[in-house]
Amino acid sequence: MNISHIEHIAIAVKSLETAIPYYENVLGLKCYNIEEVADQKVKTAFFKVGQTKIELLEPTCEESTIAKFLENKGEGLHHVAFAVPDTGEALNELAEKEIRLIDKAPRAGAEQLMIGFAHPKATGGVLTEFCCPKKD
Ligand code: ZN
């Protein structure tokens with residue numbers, strides 16, 4: 001699989017505006033990017049912690065999977081994302097090992113990444129993303 005590091009840890013929040021001050025004023029991190037991913041119906045805010053990012057996810061509508069997550073579980077850890085050399089290859093390797101996938105093929109995520117998710121039922125309860133930089 002060749003995971004190089006944890007690319008990001010994603011946390012579901014009801015409101016970026018309410019959540020960001022904790023990260024900035026208490027933890028002393030700097031929000032360097034806010035990006036809407038229309039495809040996933042979320043607005044994201046990013047902080048760097050070494051080479052790992054914290055990604056806050058706010059739903060942009062009721063149909064967002066993040067809105068459903070907040071409804072069921074409340075705010076908190078949403079997923080962990082591992083950096084791999086090639087998301088497609090990682091997904092194929094998981095499929096070969098009969099790990100249930102949410103994404104059979106990579107799709108575009110925030111921050112110029114190609115992403116794919118494995119199902120939390122197959123990963124010990126943690127929604128797990130695999131990602132690599134978008135290649136041109
Ligand atoms: Zn992610």
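Look above for the structure.
Rules used throughout
- Residues take numbers from 1 onward in each chain, read along the sequence in its written order.
- For a predicted model such as this one, the threshold for reporting local features is a pLDDT of at least 70, and the threshold for listing and counting side-chain atom pairs is 80 or more; totals across whole chains, interfaces and linings nevertheless cover every residue.
- Only hydrogens and water are set aside when side-chain values are computed; all heavy atoms of the structure are taken into account.
- Helix and strand assignments come from DSSP, with helices taken as H or I runs of at least 4 residues and strands as E runs of at least 2, each series counted from the N terminus.
- Between the two quantities, the radius of gyration covers C-alpha atoms and the globule rule is 2.2 Å times the number of residues to the power 0.38.
- The buried label applies to any residue whose accessible area, calculated with a 1.4 Å probe on protein chains only, is under 20% of its type's maximum; exposed applies above 50%, and partly exposed to all values in between.
- Two residues qualify as a contact provided that any one of their heavy atoms is within 4.5 Å of a heavy atom in the partner residue.
- The method behind every accessible area is Shrake-Rupley, applied with a 1.4 Å probe, and residues are considered shielded solely by the protein chains displayed.
- A strand pair is defined by DSSP finding two or more bridges across the two strands.
- Each metal's donors comprise the N, O and S atoms found within 2.8 Å of it (within 3.2 Å for Na, K or Ca). Water is not part of the atom list, so some coordination spheres may appear incomplete.
- By nonpolar core is meant a set of buried Ala, Val, Leu, Ile, Met, Phe, Trp, Tyr and Cys residues that side-chain atoms within 4.5 Å join together.
- The salt bridge criterion pairs a side-chain nitrogen of Lys or Arg with a carboxyl oxygen of Asp or Glu, the two atoms within 4 Å.

Quick look at the overall build of the chain
1) Next: Assigned secondary structure in the chain consists of 3 helices and 8 strands.
2) Next: Along its sequence from the N terminus, the chain presents helices and strands in the succession β-α-β-β-β-α-β-α-β-β-β.
3) Next: Radius of gyration (C-alpha) of the chain: 15 Å, near the 14 Å computed for a compact globule of 136 residues.
4) Next: Dimensions along the principal axes, computed over C-alpha positions, put the chain at roughly 45 × 30 × 30 Å.
5) Next: Out of the 136 residues in the chain, the part that is buried amounts to 44%.
6) Next: Within the chain, contacts between residues at least 6 apart in sequence are counted, and of these 52% link residues at least 24 apart.
7) Next: Of the roughly 7,700 Å² that the chain leaves accessible, carbon and sulfur atoms contribute 52%.

Overview of the sheet that holds strand 4 (residues 52-59)
1) Next: Read across the sheet, 8 strands follow the order 2-3-4-1-5-8-7-6 without closing on themselves; strand pairing throughout is mixed. Both edges of this open sheet fall to strand 2 (31-37) and strand 6 (107-108), since each of them pairs with a single strand only.
2) Next: For strand 1 (residues 5-12) and strand 4, the ladder comprises 5 bridges, and the chain directions are parallel. Across the sheet, residue Ala-10 finds its bridge partner in strand 4, namely Glu-55.

Quick notes on the coordination of the zinc ion
Under ideal tetrahedral coordination, the four donors around a metal are separated by 109.5 degrees; under ideal octahedral coordination, the six donors are separated by 90 or 180 degrees.
1) Next: Taken together, the protein donors to the zinc ion comprise His-8 (NE2), His-79 (NE2) and Glu-129 (OE), at separations of 2.0 to 2.1 Å.
2) Next: Site description for the zinc ion: donor spacing in sequence, H-x70-H-x49-E. A residue pair is termed long-range when its members are at least 10 positions apart, and His-79 in strand 5 (residues 76-83) and Glu-129 in strand 8 (residues 128-133) qualify at 50 residues. Pair check on accessibility: His-79 and Glu-129 agree, each one buried.

Here's the deal with the nonpolar core
1) Next: Among the nonpolar cores identified, the biggest contains 12 residues, and these are Ile-11, Val-13, Leu-16, Ala-19, Ile-20, Tyr-23, Leu-29, Cys-31, Ala-45, Phe-47, Ile-54 and Leu-56.
2) Next: Elements that contribute at least two residues to this core include exactly helix 1 (16-26), strand 3 (42-49) and strand 4.
3) Next: Broken down by element, this core gets its largest block of residues, 4 residues, from helix 1.
4) Next: For Leu-29, the contacting residues outside a window of four places in its chain are Tyr-23, Glu-24, Phe-47, Lys-48 and Val-49.
5) Next: Of all hydrophobic cores here, the second largest spans 10 residues; its members include Ala-12, Val-37, Val-42 and Ile-66.

Here's the deal with the pattern of salt bridges
1) Next: Applying the stated criterion across every chain yields a total of 6 salt bridges.
2) Next: A salt bridge links Glu-7 to Lys-53, with the shortest nitrogen-to-oxygen separation between them at 2.7 Å. Of the two residues, Glu-7 is situated in strand 1 and Lys-53 in strand 4; the sequence distance between them amounts to 46 residues.
3) Next: Overall, the relative accessible area of 9% leaves Glu-7 in the buried class.
4) Next: The residue Glu-93 makes a salt bridge to Lys-97 at a minimum N-O spacing of 3.1 Å.

Honestly, it's all geometry; don't read function into it.
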